[in-house]
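Residues per chain are reported as follows:
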Amino acid sequence: KFQVNANDIKAQIQQNMWGVFFEDINMGADGGIYAELIKNRSFEFYKPLMGWKREGKAYKEGDILVINRQDAKSNNPRFLRVKANSVAKGDFTLTNEGFRGMGLKKDLAYEFSVFYRQLKSGIQLNLELLDGKGNVIGTGKLIPENADGNWHTQKTTLVSSATELKGRFRIAFEGTGEIDLDMISLFPTDTWKKRPGGLRADMVQRLADLKPGFIRFPGGCIVEGHELSTRYQWKKTVGSVEDRQLIVNRWNTEFAHRLTPDYYQTFGLGFYEYFLMAEDIGANALPILNCGMACQFNTAEVVPMEQLDEYVQDALDLVEFANGPVTSKWGKVRSDMGHPASFNLKYLGVGNENWGPQYVERLKVFQKALKSKYPEVKLVFSSGTDPEGERFQYLDKELRNLKVDIIDEHFYRSPKWFLENAKRYDNYDRKGPKIFAGEYAAHSGKTATPDNINNWLTALAEASFLTGAERNADVVQLASYAPLFAHLDGWQWTPDLIWVDNLHTYGTPNYYIQQLYSLNKGTHAVSITSENEVVAGKDGYYASATIDKKTNEIIVKISNYDANSREIELNISGIKKLNNTGKDIYMVSDIDAVNSIPAPLNVSPKERMVKASGKTVKAKLEPYSFHVFKFKAT
Ligand code: AHR
């Protein structure tokens, strides 16, 4: 028997509480949500022709050279110089393998674009989409129009006649002459909101379907970098795409189950695009910036305190980029990119999983500078990943002393830990900093191995833990699972919320738990007890209750973390009565069950009608099941 008291308000629920954590890990951005199909389009990978193959009987050594113009264009120094002499179509080709192939869709148009320079016309580019076996499934032609020795861009489209998971793209040179090529690019035309050079619509839609309250970006450890020179620097990710200097991805080969030596950050998805995506799907942007320290799990490179100004200035300028008037320096950059209106940035994080006194002393400088110029922006600082460890305890204390706005806590722990921590927030200081449960996931096996899977058991453990976050929504104001995306053919970390291949996506059971919380949050947490105690583990039950003052609904979440099915009774006080019928939105499965591309909804929510009598609801909970009961009340 559970007692819910709709008059006993425990917390107001932030309407942006449930969000997403985005990082370019597991091919989340390049090769993932960033829809570019060509790998190494500007030849800047450490092996300049990585991803490309030169072939054909007319091809001779030296017909394709990689030229470096470091002095003239240090952000994108390399380009290709192609020479041809009476070449017939098909005798000299350049093929790109894509990111683990290219997903091509039947009847969809693909936009090819290229930067070129030539002194004389003579070479034509025959364009071909190939299937996995090398058959041509789409053709196009580009005859460069200008021959004045200056760089130009030109575009054309080609349509695929078949659907292919592992396609490739080939340029067959024809004719005689010499031409320089750079930024060889191919995008599908069905991107999110049909934006040219945009994002994979199916992946953005997965996020939109969560109705996330915020998007944290761009990570994660890529914010820090293994060394400071490869930290994430937002200023290098805005402006023209061809001028965004790529860097090696911090997840390149690290933890790689499938090695990814070709993992780079091209920043086609840069800070402007992140802000736009957040706006598109109604989420607050929550950027995290480097604090002047590289990843401490590997190195301890720190910028000296006397050189921290550049980092602090980056943070100040980011607020100006997001919110400043178009007359300001960085507001103008935003406006020139197409968004004169403010992005209305409300949160900014500094540091990701950094620790020690070095982190604290740097944060003080950031806090002072940011709070004096932008007091309205809430600052998020991290307490790290080891909730029981000394580093975490030290930071938690220091951050509370600094009276920071929000502390970012990370938990990659066993399902058991999640269950045991359902009461974690019950005794947090109600007057201190708010909590951002910024990265969490129940791990069924060793992190970043194939055994660490998104099964129903892990999702149910998270659901149970999150009843505690919801019960304490006055303290826990933001929450996000991590990591968000993973590509089935190129990942570094498990488990992950959403899995993709080049054509499909599926949400894990954990995804649907996040969605159930986000879509059924209510406006206020109210008390729910059993025998006068909060319901957080006794007899395998975990529960939270909210009311929605806008819709007059009572929403009760219950996890039955037990091998038996059980009958329960909910008694609701503080209302006149419940409507006679309500909903039980529930998830139940074998604890080992997973979702997959062929069975994306194997473990997903279902809905059934439940009856109420006056203020009482009786229901049966299946073994290992999670329920969201929703009733209108008068
Ligand atoms: O989510 C994967 C990684 O886990 C993140 O990059 C980092 O913040 C955490 O250690």
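Only a predicted model underlies this, so the values are computations on that prediction, with no experimental measurement involved.

## A word on the overall build of the chain
Secondary structure assignment for the chain yields nine helices and 33 strands. The globule rule puts the C-alpha radius of gyration for 634 residues at 26 Å, and the 27 Å found for the chain is close to it. In terms of overall dimensions, the chain has a C-alpha envelope of 90 × 55 × 45 Å along the principal axes. Counting only residues that meet the buried cut, the chain has 50% of its 634 residues in that class. Pairs at least 24 residues apart make up 77% of the contacts formed inside the chain by residues separated by at least 6 positions.

## Section: the sheet that holds strand E16 (residues 284–289)
Spatial ordering of the open sheet is given by E2-E13-E16-E17-E18-E19-E20-E21, a layout of eight strands whose pairing is parallel. Both edges of this open sheet fall to strand E2 (20–21) and strand E21 (476–481), since each of them pairs with a single strand only. As judged from the four bridges shared by strand E13 (residues 214–217) and E16, these two strands associate in the parallel manner. For Phe-217, the partnering residue across the bridge sits in E16 and is Pro-287.

## Focus on unusual backbone geometry
A cis amide bond, omega 0°, links Phe-217 with the succeeding residue Pro-218. On the secondary structure map, Pro-218 appears in the loop between E13 and strand E14 (247–248). With a phi close to 45°, Ser-86 is a non-glycine residue in the positive phi region. Inspection of the secondary structure assignment puts Ser-86 in strand E5 (residues 78–87). The exposed category is assigned to Ser-86, around which 10 C-beta atoms lie within 10 Å. Positive phi, close to 45°, is recorded for Met-183, a residue that is not glycine.

## Things to note about the packing of helix H3 (residues 309–323) against helix H5 (residues 356–373)
Running from N to C, H3 and H5 cross one another at 30°; their axes reach a closest spacing of 10 Å. The angle between H3 and H5 falls in the class roughly parallel. The handedness of the crossing between H3 and H5 comes out as right-handed. Counting all contacts with H3, which are made through Val-312, Ala-315 and Leu-316, the residues of H5 involved are Val-365, Phe-366, Ala-369, Leu-370 and Lys-373.

## Section: the site of the ligand
Contacts to the ligand come from 13 residues, most closely from Gly-219, Gly-220, Cys-221, Ala-482 and Pro-483. Its residues assigned to classes, the shell around the ligand comprises five nonpolar, five polar and three charged.

## Comments concerning the environment of Ala-525
Summarising the element assignment, Ala-525 is placed in strand E25 (residues 524–530). For Ala-525, a count of 24 C-beta atoms within 10 Å gives the class buried. It is 25 Å that separates the C-alpha atoms of Ala-525 and Arg-566, two residues lying 41 residues apart in sequence. Discounting residues that sit within four places of it in the chain, Ala-525 has contacts with Lys-10, Ala-11, Ile-13, Glu-470, Arg-471, Ala-473, Ser-544 and Thr-546.

## Some details on the environment of Ala-422
One can find Ala-422 in the loop between helix H7 (415–420) and strand E20 (434–442). Residue Ala-422 is classed as buried on the basis of its C-beta count, with 25 C-beta atoms lying within 10 Å. Separated by 40 residues in sequence, Ala-422 and Glu-462 place their C-alpha atoms 9.1 Å apart. With sequence-adjacent residues up to four places away left out, Ala-422 is seen in contact with Ser-464, Phe-465, Thr-467, Gly-468, Ala-536, Gly-537 and Tyr-542.

## Quick notes on helix H8 (residues 456–471)
Look at H8: 23 Å from first C-alpha to last across 16 residues, which is about the 22 Å you get at 1.5 Å a residue. Burial runs high along H8: 16 of the 16 residues are buried.

## Observations concerning the sheet that holds strand E22 (residues 485–487)
Read from one edge of the open sheet, three strands run E22-E23-E24, paired in mixed fashion. The sheet is open, and its two borders are formed by E22 and strand E24 (505–507), each paired with just one other strand. Strand-to-strand twist of the sheet, defined as the mean angle between neighbouring strand axes without regard to direction, takes the value 25°. Across three bridges, strand E23 (residues 498–500) lies against E24 in antiparallel orientation. The residue bridging Val-500 from the neighbouring strand is Thr-505, located in E24. Strand contacts of helix H1 (residues 201–208): E22, E23 and E24, with the helix running at about 15° to E24, the strand carrying the most contacts.

## Considering the domain arrangement of the chain
Split by domain assignment, the chain resolves into domain 1 (2–11 + 524–632), domain 2 (20–35 + 191–519) and domain 3 (52–188). A straight line from the C-alpha centre of domain 2 to that of domain 3 covers 36 Å. On the domain 3 side, the residues contacting the 17 residues of domain 2 number 14 residues.

## With respect to the nonpolar core
Core analysis: the largest hydrophobic core is formed by 184 residues, its most contacted members being Ile-215 and Val-556. Every residue in contact with Ile-215, bar those within four places of it in the chain, is listed here: Gly-19, Val-20, Phe-22, Tyr-274, Met-277, Ala-278, Ala-283, Ala-285 and Leu-286.

## Remarks on the packing of H8 against helix H9 (residues 509–519)
Between H8 and H9, the least distance of the axes is 8 Å, while the angle of their chain directions is 25°. Classified by the angle their axes make, H8 and H9 are roughly parallel. In this structure, H8 crosses over H9, and the sense of that crossing is right-handed. On the side of H8, the interface is formed by Trp-456, Thr-458, Ala-459, Glu-462, Ala-463, Leu-466 and Glu-470, while H9 contributes Pro-509, Asn-510, Ile-513 and Tyr-517.

## Topic: the UniProt feature "domain: Alpha-L-arabinofuranosidase C-terminal" (unreviewed entry) in the chain
If you check UniProt for "domain: Alpha-L-arabinofuranosidase C-terminal" (unreviewed entry), the listed places come out as residues 438–625 in our numbering. Each end of residues 438–625 is marked by a C-alpha atom, and these two atoms are 25 Å apart; helix forms 14% of the span and strand 40%.

## Observations concerning the pairing of E5
Bridge count for strand E4 (residues 64–68) against E5 is five bridges, and the pairing is antiparallel. Note that in E5 the partner of Leu-65 across the bridge is Arg-81. Of the strand pairs in this sheet, E5 and strand E12 (residues 164–188) are connected by six bridges, and their pairing is antiparallel. Pairing of Ala-84 across the sheet is with Gly-177, part of E12.

## Some thoughts on the pairing of strand E19 (residues 406–413)
Counting buried residues along E19, seven of its eight residues qualify, which places the element largely inside the surrounding structure. When strand E18 (residues 378–384) meets E19, the two strands line up parallel, connected through four bridges. Note on E19: the bridge partner recorded for Phe-381 is Ile-407. With helix H6 (residues 390–401) bridging E18 and the parallel E19, this β-α-β connection has right-handed handedness.

## Description of the confidence of the model for the chain
Scored by pLDDT, the chain comes out at a mean of 97, with 99% of its residues at no less than 70. Highest mean pLDDT in the chain belongs to H9 (99); lowest belongs to E14 (94). Model confidence for the complex: the whole-complex pTM is 0.98, and ipTM, which rates the interface, is 0.99.

How each quantity is defined
- Every chain begins its residue count from 1, and numbering advances along the sequence as written.
- The model is predicted, so local features are restricted to residues of pLDDT at least 70 and side-chain atom pairs to those at 80 or more, both for listing and for counting; the totals for chains, interfaces and linings are taken over all residues.
- Under the DSSP-based scheme used, a helix requires at least four consecutive residues in state H or I and a strand at least two consecutive residues in state E, with every element numbered from the N terminus.
- It is over C-alpha atoms that the radius of gyration is taken, and the globule rule equals 2.2 Å times the number of residues to the power 0.38.
- Any residue with 12 or fewer other C-beta atoms within 10 Å of its own C-beta is exposed, any with 20 or more is buried, and the rest are partly exposed; the C-beta atoms used are placed from the backbone.
- Contact between residues is assigned whenever the C-beta positions, reconstructed from backbone atoms, fall within 7 Å.
- Pairs of strands are assigned from DSSP output, requiring at least two bridges between the strands.
- Between the N-to-C directions of two axes lies an angle of 0 to 180 degrees, each axis being a line fitted to C-alpha atoms and, for a helix, fitted only over the stretch in contact.
- Angle categories are assigned with fixed cut-offs, so that under 35 degrees is roughly parallel, over 145 is roughly antiparallel, 65 to 115 is roughly perpendicular, and the rest are oblique.
- Left-handed is the label given to a crossing in which the near helix is rotated counterclockwise from the far helix by less than a right angle, and right-handed is the label when the rotation is clockwise.
- By definition, a residue lies near a molecule or strand provided its backbone-derived C-beta atom is within 6 Å of it.
- Here the term charged refers only to Asp, Glu, Lys and Arg, the term nonpolar to Ala, Val, Leu, Ile, Met, Phe, Trp, Tyr, Cys and Pro, and the term polar to all other amino acids, Gly among them.
- Multiply 1.5 Å by the residue count of a helix minus one, and that product is the helix's expected span.
- Source of the domain bounds: an automatic or database domain assignment.
- Here a nonpolar core is just a set of buried residues of the types Ala, Val, Leu, Ile, Met, Phe, Trp, Tyr and Cys, joined wherever their C-beta atoms sit within 7 Å.
- UniProt positions are given in the numbering used here, feature names are shortened, and annotations may be inferred rather than shown by experiment.
- Look down the strands so they point away from you; if the path from the first strand over the helix to the second goes clockwise, the crossover is right-handed.
- Confidence scores here are pLDDT values: one per residue, from the predictor, ranging 0 to 100.

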